[in-house]
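Observations on chain architecture
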Amino acid sequence: MMLAAFDHPVFDSQRNFRELLQAMARPAMPRTLPVLPPAPAPATPAAMAVLLTLCDTSTTVWLQQPHDALAQHLRFHTGARLVQEPAEADFALISDPQTMPPLTAFALGDSRYPDRSASLVLQVEGFHPGTGYRFAGPGIRDTERVRIDGLPERFWTERAALAPRFPLGIDLYFVAAQNVLALPRTTRKLED
């Protein structure tokens, strides 16, 4: 049986979209997603909210764990095309960050079209503002501190290695419980 998506698709996706815009505009600061739809495993409702809000018939999605019910759900409710390789995806759902491919496996854009890069939706264990790593960049006054639980150690090294390639890069949405936290490619992790 197919799960429903948003009860009010236009209004619910608009409400979530505003929060996702704020998350990108104010990086490293958790935002609460106002509407969480049902989600087939291994996707969480917060991850599904992001995908249902941002994906449509013009986007491609790569699923780290491509379960049939999840694939059918996404295709039915968004019309997005599912791809087999991370490099082909506009969006990627990372349901197990510990076993995710390296960040360089995803589309980084190119010099003429840096926007043709991937946005990753990573399901993490949680985030803790005011502790952890320090971040700086557009949308952050001075610095912002947050700890993101559930990422492999190599993640931050891989992300730092992409920084010199700016404006190429990837944008990140971390989801935990009903919250989303964004780190666009313009946000730098500072060394303490």
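Predicted model only: the values in this text are computed from it and were never measured.

Before going further, it helps to examine the layout of surface pockets. Counted as a void, the largest pocket has a volume near 320 Å³. Forming the walls of the largest pocket are 17 residues, and the residues nearest its centre are Arg-159, Ala-160, Ala-163, Thr-187 and Arg-188. Among the elements that take part in the lining of the largest pocket, helix α4 (residues 154-162) stands out by supplying five residues, more than any other.

Further remarks concern the environment of Glu-88. Summarising the element assignment, Glu-88 is placed in the loop between β3 (81-82) and β4 (91-94). Distance from Glu-88 to Ala-107, taken between C-alpha atoms, is 6.7 Å for residues 19 residues apart in sequence. Excluding residues within four positions of it along the chain, Glu-88 makes contact with Thr-60 and Val-83.

A few words now on the pairing of β4. Here is the key point about a regular strand: its side chains alternate between the two faces of the sheet. Burial along β4 is two-sided: Phe-91 and Leu-93 facing one way and Ala-92 and Ile-94 facing the other are all buried. In terms of strand pairing, strand β2 (residues 60-63) meets β4 through three bridges, oriented parallel. Note on β4: the bridge partner recorded for Val-61 is Phe-91. Where β4 meets strand β5 (residues 119-123), four bridges bridge the pair, whose relative direction is parallel. Paired with Ile-94 across the two strands is Leu-122, which belongs to β5.

Next up on the list: unusual backbone geometry. Pro-42 follows Ala-41 through a cis peptide bond whose omega is 5°. Among the secondary structure elements, Pro-42 is positioned in the loop between β1 (31-32) and α2 (45-54). Omega for the peptide link from Phe-166 to Pro-167 comes to 15°, which places this bond in the cis form. On the secondary structure map, Pro-167 appears in the loop between α4 and β8 (171-176). A positive phi is found at Asp-142, a non-glycine position, where the angle reads about 60°. Secondary-structure assignment places Asp-142 in the loop between β6 (126-136) and β7 (144-149). Its identity as a non-glycine residue notwithstanding, Ala-177 has a phi of 55°, on the positive side.

Parameters at a glance
- Residues numbered from 1 in each chain as written.
- Predicted model: local features only at pLDDT ≥ 70, side-chain atom pairs only at ≥ 80, totals over all residues.
- Heavy atoms only, no water.
- 1 Å grid on protein atoms, 1.4 Å probe; cavity = no way out; pocket = protein on both sides within 12 Å on 5 of 7 lines; lining within 4 Å.
- Points joined across faces, edges and corners; volume = space filled by probe spheres on them.
- Helix = DSSP H or I, 4+ residues; strand = E, 2+ residues; numbered from the N terminus.
- Contact = heavy atoms within 4.5 Å.
- Buried < 20%, exposed > 50% of the residue type's maximum accessible area, 1.4 Å probe, protein only.
- Pairing = 2+ DSSP bridges.

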